[in-house]
Amino acid sequence: MNGNSLSLLRQIMELEFTAIELNLFLDTHPDDQEALRDLRMVNERLQSLTAEYERLRGPLFPFSAEGARDHWRWIDEPWPWEIIY
Amino acid sequence: MNGFRKKPLVWGPLPPAPRPDQFPAAVDQDTAPPWDAPVMEAAGTGTTVETRAAAAEPDAPVAEKMVEDAEPVVSAGEEKTGDSTAVEMEAPEERVFPGPGPYPPPAPPGPSCPGMELATAYIPYQRYGPTYSPAEALEKGTLFPELYRPYPY
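Analysis parameters
- Residues numbered from 1 in each chain as written.
- Chains lettered and ligands numbered in written order.
- Predicted model: local features only at pLDDT ≥ 70, side-chain atom pairs only at ≥ 80, totals over all residues.
- Heavy atoms only, no water.
- Helix = DSSP H or I, 4+ residues; strand = E, 2+ residues; numbered from the N terminus.
- Buried < 20%, exposed > 50% of the residue type's maximum accessible area, 1.4 Å probe, protein only.
- Contact = heavy atoms within 4.5 Å.
- Core = buried A, V, L, I, M, F, W, Y, C linked by side-chain atoms within 4.5 Å.
- Buried area = accessible area lost by both parts, 1.4 Å probe.
- Salt bridge = Lys/Arg side-chain N within 4 Å of Asp/Glu carboxyl O.
- Polar contact = N/O pair within 3.5 Å; in protein donor to acceptor, adjacent residues only side chain to side chain.
- Axes fitted to C-alpha atoms, helices over the stretch in contact; angles between N-to-C directions.
- Parallel < 35°, antiparallel > 145°, perpendicular 65-115°, else oblique.
- Left-handed = near helix turned anticlockwise from the far one by under 90°.
- Nonpolar A, V, L, I, M, F, W, Y, C, P; charged D, E, K, R; others polar.
- Phe/Tyr/Trp six-rings, centres within 6.5 Å; stacked < 30°, edge-to-face > 60°.
- Patch = residues over 30% accessible without salt bridge, like charges linked within 9 Å, V, L, I, M, F, W, Y side chains within 5 Å.
- Areas by Shrake-Rupley, 256 points an atom, 1.4 Å probe, with all protein chains shown as cover.
- Expected span 1.5 Å × (residues − 1).

1. Some remarks on the overall build of chain A
Then, in step 1: Along its length, chain A carries two helices and zero strands.
Then, in step 2: Taken across its 85 residues, chain A has 39% of its residues classed as buried.
Then, in step 3: A separation threshold of at least 6 residues defines the contact pool for chain A, and within that pool the share at least 24 residues apart is 51%.

2. Side note on the nonpolar core
Then, in step 1: In terms of nonpolar packing, the biggest core is built from 22 residues, with Leu22(A) and Tyr128(B) touching the most fellow members.
Then, in step 2: Counting residues per element, this core draws most heavily on helix H1 (residues 3-28) of chain A, at 10 residues.

3. Re the interface of chain A and chain B
Then, in step 1: Contacts between the two partners involve 18 residues from chain A, matched on the other side by 17 residues from chain B.
Then, in step 2: Regarding the contact of chain A and chain B, the summed buried area is about 1500 Å², with carbon and sulfur atoms giving 64% of it.
Then, in step 3: At the junction of chain A and chain B, the tally comes to one salt bridge.
Then, in step 4: Summed over the shared surface of chain A and chain B, the result is six residue pairs in polar contact (both at pLDDT 80 or more).
Then, in step 5: Those elements that provide at least two residues to the side of chain A that touches chain B are H1 and helix H2 (33-57) of chain A.
Then, in step 6: Looking at the side of chain A that touches chain B element by element, the count peaks at 10 residues for H1(A).

4. Some words on the side chain of Arg57(A)
Then, in step 1: Mapping Arg57(A) onto the fold places it in helix H2.
Then, in step 2: Excluding its chain neighbours within four sequence positions, the residues that come into contact with Arg57(A) are Met1(A), Asn2(A), Ser5(A), Arg73(A) and Glu77(A).

5. Overview of the pattern of salt bridges
Then, in step 1: Enumeration over the complete set of coordinates arrives at five salt bridges over all chains.
Then, in step 2: Put simply, Arg37(A) and Asp38(A) hold a salt bridge, and the shortest N to O gap is 3.1 Å.
Then, in step 3: Between Glu77(A) and Arg57(A) there is a salt bridge; the shortest N-O distance is 3.3 Å. Here Glu77(A) is found in the segment after H2, whereas its partner Arg57(A) is found in helix H2, with 20 residues between them in sequence.
Then, in step 4: Accessibility expressed as a relative area gives 18% for Glu77(A), which makes it buried.
Then, in step 5: A single network of salt bridges, built from pairs that share partners, joins Arg10(A), Glu14(A) and Glu139(B).

6. A look at the packing of H1(A) against H2(A)
All names here are of chain A.
Then, in step 1: The contact between H1 and H2 brings their axes to 9 Å, and the two run at 150 degrees. With respect to their mutual orientation, H1 and H2 come out roughly antiparallel. For the pair H1 and H2, the sense of crossing is left-handed.
Then, in step 2: Classifying every residue of the contact of H1 with H2 by side-chain character gives 16 nonpolar, six polar and five charged.

7. What to know about the packing of aromatic side chains
All names here are of chain B.
Then, in step 1: In the structure shown here, the tally under the stated rule is seven aromatic pairs over all chains.
Then, in step 2: Considering the side-chain rings of Tyr128 and Phe144, the 6.3 Å spacing of their centres and the 80 degrees angle between planes classify their relative orientation as edge-to-face. Separated by 16 residues along the polypeptide, Tyr128 in the loop between helix H2 (60-69) and helix H3 (134-140) and Phe144 in the segment after H3 bring together distant segments of the chain. Of the two residues examined, Tyr128 and Phe144, each falls in the buried class.
Then, in step 3: Pairing Tyr132 with Tyr148 gives two aromatic rings, centres 6.2 Å apart and planes at 90 degrees, and the pair type is edge-to-face.

8. Topic: the environment of Ile75(A)
Then, in step 1: Note on placement: Ile75(A) falls in the segment after H2.
Then, in step 2: On a C-alpha basis, the gap between Ile75(A) and Gly58(A) in space is 9.4 Å, while along the polypeptide they are 17 residues apart.

9. Considerations on a nonpolar patch on the surface
Then, in step 1: A cluster of nonpolar side chains, Trp72(A), Ile75(A), Trp79(A) and Trp81(A), forms an exposed patch at the surface whose accessible area comes to about 500 Å².
Then, in step 2: Residue classification places Ile75(A) among the exposed positions, given a relative accessible area of 54%.

10. Details of H2(A)
One full turn of an α-helix is made of 3.6 residues, so residues set three or four places apart face in the same direction.
Residue and element names in this part refer to chain A.
Then, in step 1: The terminal C-alpha atoms of H2 lie 36 Å apart, and with 25 residues this matches the ideal 36 Å at 1.5 Å per residue to within 8%.
Then, in step 2: Among the residues of H2, Ala35, Asp38, Leu39, Val42, Leu46, Leu49, Thr50, Tyr53, Glu54 and Arg57 are the ones counted as buried.
Then, in step 3: Here the buried face of H2 lies against H1.
Then, in step 4: Looking at where H2 begins, the residue whose side-chain oxygen comes 3.2 Å from the main-chain nitrogen of Glu34 is Asp32.
Then, in step 5: Once H2 finishes, Gly58 follows within two positions and takes phi at roughly 125 degrees, a positive value.

Function cannot be inferred from these measures alone, as they are strictly geometric.
Structure follows, in structure tokens:
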């Protein structure tokens, strides 16, 4: 895995963690407009980066559209524990 | 870059716990405990110490009589052999430690948290404020600076 893919993966992990944190905050503050705005921003960026990563490397999730075109790509990439960050 | 506000807060370490010599003065007749325990003078310290044992003094002769009448306890499977290898346990010497005073220390006069009731737990409502960047949040384990509590290694 090259440096660009690793960097993308790292950014995706950061944004996923941020989305979970905002998710937990909004569970108790469902009408907080600032938190909602930040979550929308995180989600947009996360979808964009995920699409870019999957286009370059393959599916991040087994149910991604990228994984089931003409070849089952889910097994082509290293498993998470095989990646050296 | 991504519109996140950078960390505006830098949290310092928690204040240290008070040392015993920083505890408030323990003995004050005006703030004495409500029970009628006798107050005795600890030898050589000049510090007065209240003991519950002293409060139980009137019952002491009865208790001693009961101990004298009681048969020695021998557990099942154990015989009284007079074995010289048996180790006799000596009762620990009774000592009076002056200590820092009654625990918990007497509260200062007046309400410490106005508007709050005793024995009620409070969780302040979190407000959405400045957050860490996603990279820093993943590193620190929280998005919120007010929840960042690193162990002081």
